[in-house]
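Overview (structure and organization)
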Amino acid sequence: MKAQQVKEAADFIRQRALGEPAVGIVLGSGLGALAETVENPVRIPYAEIPHFPVSSVAGHAGVMHLGRLGGQAVAVMQGRIHHYEGFSGNELVFPVRVLHELGIGYLVLSNSAGGINPAFEPGDLMVVTDHINFMGFNPLLGVDSGFGPRFPDLSAVYPAELRRIARATADRQGVSLREGVYLAVSGPSYETPAEIRLFRQWGADAVGMSTVPEAIAAAQLGLPVLCISCITNKAAGLQEQPLSHQEVLDISTAVSQNFIQLLLEIVECLP
Ligand code: HPA
């Protein structure tokens with residue numbers, strides 16, 4: 001993917017919405033309601049933005065909202081694309097590169113995830129401390145497109161300072177906030193119980209099908225990432241009933257008020 005395409009997408013957005021966003025926010029499955037709280041929004045469907053990939057998954061609206069949230073200028077992506085829809089690594093990271101081109105200083109990612117840590121319950125929120133890329137590819141594969149170092153360091157993708165802000169905010173609100181390692185798979189099938197037992201041994205606390213490509217691209221761009229996962233279910237083998245996307249959407253929608261409150265105040269506290 002060419003830097004020129006990123007620039008064209010960003011230029012298009014700039015023509016529609018004046019002012020530089022300070023924070024980019026990507027909303028995961030069932031967490032889209034936060035976008036409705038953006039003040040004075042300019043709303044742009046992804047399909048109208050040049051080169052912008054469009055998701056086909058239920059729960060992913062595919063609209064960018066530019067406006068103000070928690071006193072900050074924000075660009076909120078309501079819905080994201082996934083590898084399991086057939087998108088390449090390059091396509092997956094395109095939106096993050098566009099947000100960076102627009103001028104954001106922080107990237108806030110969110111997702112729905114299955115809880116691997118046996119202490120986690122459906123409805124818990126978790127701040128991601130680190131990740132394991134088990135998707136089977138790296139989004140930076142291919143010719144060097146010049147977006148940053150060829151071999152980016154990933155030792156602090158989710159800086160402790162941002163996690164501390166999330167923790168302090170959750171404490172103030174009296175909301176319980178778990179923390180842990182997010183492991184990404186490609187999906188779209190959920191995992192087997194044997195895979196989940198293995199992932200637990202590897203040190204994973206939650207499993208999902210997104211986020212890691214975006215976080216890697218952000219690290220290459222030098223963008224600090226804060227990621228909040230909504231634990232929508234116990235991972236395969238840890239709960240009686242079979243996993244379903246409807247369950248994921250139902251639980252994430254049910255906790256979205258807590259999630260919105262937490263994110264709003266975190267965004268307010270970003271320096
Ligand atoms: N596995 C993978 N992705 C998920 C899950 C899960 O259990 N729950 C929500 N997204």
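Note: the structure precedes this text.
Okay, so let's go over this structure. Throughout this document, residue positions are counted from 1 along each chain, in the order its sequence is written. Under the rules for a predicted model, residues below a pLDDT of 70 receive no local features and side-chain atom pairs below 80 are neither given nor counted, while totals for whole chains, interfaces and linings still include all residues. Note that water and hydrogens are dropped before the side-chain values are worked out from all heavy atoms of the structure.

Right, let's get into empty space enclosed by the protein. In this approach a probe as big as a water molecule rolls over the atoms, and the regions it shows empty are the leftover space. A 1.4 Å probe that fits but cannot get out identifies a cavity on a 1 Å grid over protein atoms alone, an open set with protein on both sides within 12 Å along at least five of seven lines counts as a pocket, and a residue lines either if it has an atom within 4 Å of a point. Grid points are joined across faces, edges and corners, and a volume is the space filled by probe spheres set on the points. The full count for this structure, using the stated rule, is three cavities of 30 Å³ or more. What lines the largest cavity is Asn90, Arg97, Pro139, Leu140, Leu141, Val143, Asp144, Ser145, Gly146, Phe147, Arg150 and Gln220. For the lining of the largest cavity, the class distribution of residues is five nonpolar, four polar and three charged. Size it by volume and the second largest cavity reaches roughly 40 Å³. When residues are sorted by character, Ala, Val, Leu, Ile, Met, Phe, Trp, Tyr, Cys and Pro go into the nonpolar class, Asp, Glu, Lys and Arg into the charged class, and all the rest, Gly among them, into the polar class.

Once that is clear, we can look at the site of the ligand. Residues are labelled near a given molecule or strand when at least one of their non-hydrogen atoms is within 4 Å of it. Residues in contact with the ligand, as listed here, are Ser112, Ala113, Gly114, Tyr190, Glu191, Val207, Gly208, Met209, Thr232, Asn233, Leu243 and Val248. Here a polar contact means two N or O atoms within 3.5 Å. Within protein one must be a hydrogen donor candidate and the other an acceptor candidate, and residues neighboring in sequence count only if both atoms are side-chain atoms. Interatomic distance of 3.4 Å between a backbone N/O atom of Ser112 and a nitrogen atom of the ligand. Between a nitrogen atom of the ligand and a side-chain N or O atom of Glu191, the distance comes to 2.8 Å. In isolation the ligand has 260 Å² of accessible area, and contact with the protein removes 96% of it. Comparing atom positions with the cavity grids shows the ligand to sit within the largest pocket. Breaking the shell around the ligand down by element, the ones donating at least two residues are strand S5 (106-115), strand S8 (206-208) and strand S9 (225-234). Helix numbering and strand numbering both begin at the N terminus, where a helix is a DSSP run of H or I of at least 4 residues and a strand a DSSP run of E of at least 2. The dominant element in the shell around the ligand, judged by the number of residues it contributes, is S5, at three residues. When its residues are assigned to classes, the shell around the ligand shows six nonpolar, five polar and one charged. The Shrake-Rupley method, run with a 1.4 Å probe, gives the accessible areas here. Residue values count only the displayed protein chains as cover. Whether a molecule lies in a cavity or pocket depends on its atoms, and more than half of them have to be within 2 Å of the grid points.

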